[in-house]
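Next come the chains, spelled out residue by residue.
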Amino acid sequence: MRIGFSLRNAKEEDMKDAYSLVKNAPLLKEFEAEVVTYPWAQVQEGNYHVVGGGVAVTSTLKVGGGTAQVSLSSPLPKVERYLLLNVNVKQGKPRVLGYLKPKS
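Within each chain, residues carry numbers counting from 1 in the order of the written sequence. Residue-level local features of this predicted model are given only where pLDDT is at least 70; pairs of side-chain atoms are given and counted only at 80 or more, and the full residue set underlies all totals for whole chains, interfaces and linings. Side-chain numbers here rest on the full set of heavy atoms in the structure, without hydrogens or water.

K.L.:
I'm lost on the confidence of the model for the protein chain in this one. Help?
P.N.:
In low-pLDDT segments, the atomic positions of the prediction should not be examined closely. Mean pLDDT over the protein chain: 87, with 91% of residues reaching 70 or higher. The predictor attaches a confidence to each residue, called pLDDT, with possible values from 0 through 100. Secondary structure elements are defined from DSSP: runs of H or I of at least 4 residues count as helices, runs of E of at least 2 residues count as strands, and each element is numbered from the N terminus. Across the protein chain, strand β5 (residues 82-85) holds the top mean pLDDT of 96, while helix α1 (residues 12-15) sits lowest at 74.

Now the structure itself:
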């Protein structure tokens, strides 16, 4: 799905590197989180997609003891939970693994 909107007093070159528009939201690039997985999912250290605030980015997870150290490729708005996806699974297998709950 695509949407379009206009911004007043914004120039194209000002928006060139933008991937998300959020109002006064703190951004996270690295954080520690509780990993909540669905019964069919197994999360190990590696690369995954993380979705939060309507934005999806790639990430690297270091997992241990039900928590994960998350490093994102680009900052995401701080939200209560982030969806955890593995888009590289075989066709017909669930891509949604669970979610991440950032620790305060």
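K.L.:
Please clarify how the sheet that holds β5 should be interpreted in this entry.
P.N.:
Pairing between the strands of a sheet is mediated by backbone hydrogen bonds and can be parallel or antiparallel. The six strands are arranged β1-β4-β3-β2-β5-β6 in a closed barrel whose pairing can be described as antiparallel. Each strand of the sheet is rotated relative to its neighbour by a mean of 40 degrees, with strand direction disregarded. What makes two strands pair is DSSP finding at least two bridges between them. Direction of pairing for β5 relative to strand β6 (residues 96-102): antiparallel, over a ladder of four bridges. Opposite L85, over in β6, you have V96 as the bridge partner. Here an angle of 0 to 180 degrees is reported between the N-to-C directions of two axes, which are lines fitted to C-alpha atoms, with helices fitted over the stretch in contact.

K.L.:
Explanation requested: the packing of aromatic side chains in the structure shown.
P.N.:
The way to describe two aromatic rings as a pair is by their centre distance and the angle between their planes. Working definition: rings of Phe, Tyr and Trp (its six-membered ring) pair if their centres are within 6.5 Å, and the pair is stacked with planes under 30 degrees apart, edge-to-face with planes over 60 apart, and tilted otherwise. The final tally for this structure, using the stated rule, is three aromatic pairs. Clustering of aromatic rings is evident, with ring pairs tying together Y38, W40 and Y99. Note on criteria: charge over ring means Lys NZ or Arg CZ within 6 Å of the ring centre, with the direction from the centre no more than 35 degrees off the ring normal. Across the ring face of Y99, the terminal group of R81 is positioned such that the distance to the ring centre comes to 3.9 Å.

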